[in-house]
Amino acid sequence: QVRLVESGGGLVQPGGSLRLSCAASGSIFSIAMAWYRQAPGNQRELVASITSRGITNYPDSVKGRFTISRDNAKNTLYLQMNSLKPEDTAVYYCNKIPPIRLGFSEYWGQGTQVTVSS
């Protein structure tokens, strides 16, 4: 069974921090995973990735501020977000790389809203 459940979002002031969590079904957790985000009116973008061996990668927009990690024993993915900016406001999702496909559609969890505002 495929299941992704994101949590940990909320409202935070600029410069603040949040830690997101993603509980994934065991069938998909052994491979490369990522955090994505989608702001209103924008396409979904990848903000952090991690391989099954723990190698991480980030786009320049979040490098040095975001840290992705995983607990393979718990099938859980994390995203530590520091020095948050208003432009980080978005719904955050976790998924495989590439995203899970069910039939002709991609599967996504419900996501978790992150709002950075004073």
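The preceding data block contains the structure.
Predicted, not measured: the structure shown is a model, and the values here were computed from it.

The linkage connecting Ile97 with the following residue, Pro98, adopts the cis geometry, with an omega of -10 degrees. By the secondary structure assignment, Pro98 is in the loop between strand 9 (90–96) and strand 10 (101–102). Positive phi values are uncommon outside glycine, yet Asn75 reaches one of about 50 degrees. Inspection of the secondary structure assignment puts Asn75 in the loop between strand 7 (66–71) and strand 8 (76–81).

With that settled, the discussion passes to the state of the cysteines. For the structure on display, the rule yields 1 disulfide. There is a disulfide in this structure between Cys22 and Cys94, and the S-S distance comes to 1.8 Å. Across the S-S bond of Cys22 and Cys94 the torsion is about 50 degrees, and the bridge reads as right-handed. Of this pair, Cys22 sits in strand 3 (residues 18–24) while Cys94 sits in strand 9, placing them 72 residues apart in sequence. Note on Cys22: relative accessible area 0%, which makes it buried.

Conventions used here
Residues numbered from 1 in each chain as written. Predicted model: local features only at pLDDT ≥ 70, side-chain atom pairs only at ≥ 80, totals over all residues. Heavy atoms only, no water. Helix = DSSP H or I, 4+ residues; strand = E, 2+ residues; numbered from the N terminus. Disulfide = S-S within 2.5 Å. Buried < 20%, exposed > 50% of the residue type's maximum accessible area, 1.4 Å probe, protein only.

Note that all results are geometric; they support no functional claim without further evidence.
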